[in-house]
Amino acid sequence: MSARTLVLSRRSTVRQGRGCCVSGIRNTHSNSYSQDGDGHSLPHTHSHTHTQIPRVRDPPPMSDPPSVSSVPESDAASRLSISRARQYCTSLLQSSFMSPNLITPFTPSPSRDAHIAIYSLAAALKHASHPPLTSSANISMSSGSSAASARLRLQFWRQMIQDIFAGKTPPAEPVAILLADVIRTHPYTRGFFMRMVDARMARVGDPPVANILALADYGEAAYSSMLYLLGESMPSPRAIAAEHVCSHIGRAMGVVETLSDFPTMIERRGRVLLPIDVMVRHAVREEDVLRRVDVQDVHIRQKLADAVFEVATHANDQLITARTMLEDVVNQQGGPKNIDDAMFAPVLSAVPIRVWLEKLEKVDFDLFSPKLKIKSWSLPWKMYWAYRSRKI
């Protein structure tokens, strides 16, 4: 039996993310991290105890969204109705490892279109930042043009978001149409949308990852921002109370995304994007992984599994921290019965991530195991149980 085990019930040692700390969580690292107003991590060595979790609003709103009356009827929306755009986006999300379609039924009805639109935007940005390569033979020839194409696609989405907030007609693109419709009816912080685009822009060209913290910071920008927007979509203002929980969930999502995409990045793009410091500690060489992965080299697979275990442990710690913080929110609100759907729906995104990490543990952290590609039959039940118990 493998000695590598993720202890899902242990108290976390992770306290990164938006400067939030919770009493009872002890950091055993030599350095912990807080964040400045731009979302960058800053080292600090002292601890804090909060009797009440501070409200998180970072970055501040850049401008107010246009009102319904100020936005002209879109010609694109007349050609492709909101209903058809919703159907397209729902289909787009079916293959996502984050299973957002399973979360939709637990989202308050007025916010379901927003849930679908924001998750679809995240999926579109991910696809735009990594145009598919059909074979390893054309990687060196096409990498430059692919990066240029990715930047152009991301610039399209950046400009589209800016135009929607300016009250302009969205292009005839399903995600843009549905997103424009929900932006007209919700008081969103535009800076969170821009942060999602910037996070993907920074990953264009598959730059090397220095350390695990860099992966977590990427998750904060790309996924925590998405979860903050989901919170802003909710009809209850109390949804904001769970923002600091969403911060850690988003950081875990960024790490897990890198792990789940690992085989594809090797087979189609010829890149090993594990953190460099982790690869050095476990003597994992990129050329060995790329050259011998197809012949099932046991020695290399063992070292790679050790490195994957370290990265997965960080994602697991982030989820444990989020779970502990959610428990504190529940206690502050007077118990699970006082946690409404609007407050809880955004944090349900943690459940598919937790289930994927459990599957990874069962295959002994072998990212190439075909079992990781099989959808979990129990995930809908686990989602429902989390919804009923108000636990992740």
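K.L.:
Would you mind going over the packing of helix α8 (residues 212-233) against helix α9 (residues 243-260) in detail, with residue names and values included?
P.N.:
Contact geometry for α8 and α9: axes closest at 6 Å, N-to-C directions at 125 degrees. Classified by the angle between their axes, α8 and α9 sit oblique to one another. Considering the relative orientation of α8 and α9, their crossing is right-handed. Between α8, through L213, L215, A216, D217, Y218, G219, E220, Y223, S224, M226, L227 and Y228, and α9, the contact on the second element is made entirely by E243, C246, S247, I249, G250, R251, M253, G254, V255, E257 and T258. The residue makeup of the contact of α8 with α9, split by class, is twelve nonpolar, six polar and five charged.

K.L.:
Would you mind going over α8 in detail, with residue names and values included?
P.N.:
For an α-helix, 3.6 residues make a turn, and residues three or four places apart therefore share a direction. Compared with the 32 Å implied by 1.5 Å per residue over 22 residues, the 30 Å span of α8 between its first and last C-alpha is a close match. At E220, α8 shows its largest bend, some 35 degrees. Of all 22 residues in α8, 20 are buried, a share of seventy percent or more. Its side-chain oxygen 3.3 Å from the backbone nitrogen of L213, N211 forms the N-cap of α8.

K.L.:
Lay out the pattern of salt bridges with the relevant residues and their values.
P.N.:
Under the criterion given, the structure shown has 15 salt bridges. Note that D261 is salt-bridged to K126, the shortest N-O span being 3.1 Å. Taken together, the residues span a long stretch of sequence, with D261 in the loop between α9 and α10 (262-269) and K126 in helix α4 (residues 112-129) at a distance of 135 residues. Note on D261: relative accessible area 21%, which makes it partly exposed. Salt-bridge contacts for D341 lead to R390; the nearest nitrogen and oxygen are separated by 2.7 Å. With D341 in helix α14 (residues 341-344) and R390 in the segment after α16 (379-389), the pair connects residues that are 49 residues apart, well separated along the chain. Look at R390 and you get buried, because its relative accessible area is 11%. The network of salt bridges with shared partners includes D277, R281 and E310.

Cut-offs and rules
Residues numbered from 1 in each chain as written. Predicted model: local features only at pLDDT ≥ 70, side-chain atom pairs only at ≥ 80, totals over all residues. Heavy atoms only, no water. Axes fitted to C-alpha atoms, helices over the stretch in contact; angles between N-to-C directions. Helix = DSSP H or I, 4+ residues; strand = E, 2+ residues; numbered from the N terminus. Parallel < 35°, antiparallel > 145°, perpendicular 65-115°, else oblique. Left-handed = near helix turned anticlockwise from the far one by under 90°. Contact = heavy atoms within 4.5 Å. Nonpolar A, V, L, I, M, F, W, Y, C, P; charged D, E, K, R; others polar. Expected span 1.5 Å × (residues − 1). Bend = angle between axes of the 7 residues up to and from the residue. Buried < 20%, exposed > 50% of the residue type's maximum accessible area, 1.4 Å probe, protein only. Polar contact = N/O pair within 3.5 Å; in protein donor to acceptor, adjacent residues only side chain to side chain. Salt bridge = Lys/Arg side-chain N within 4 Å of Asp/Glu carboxyl O.

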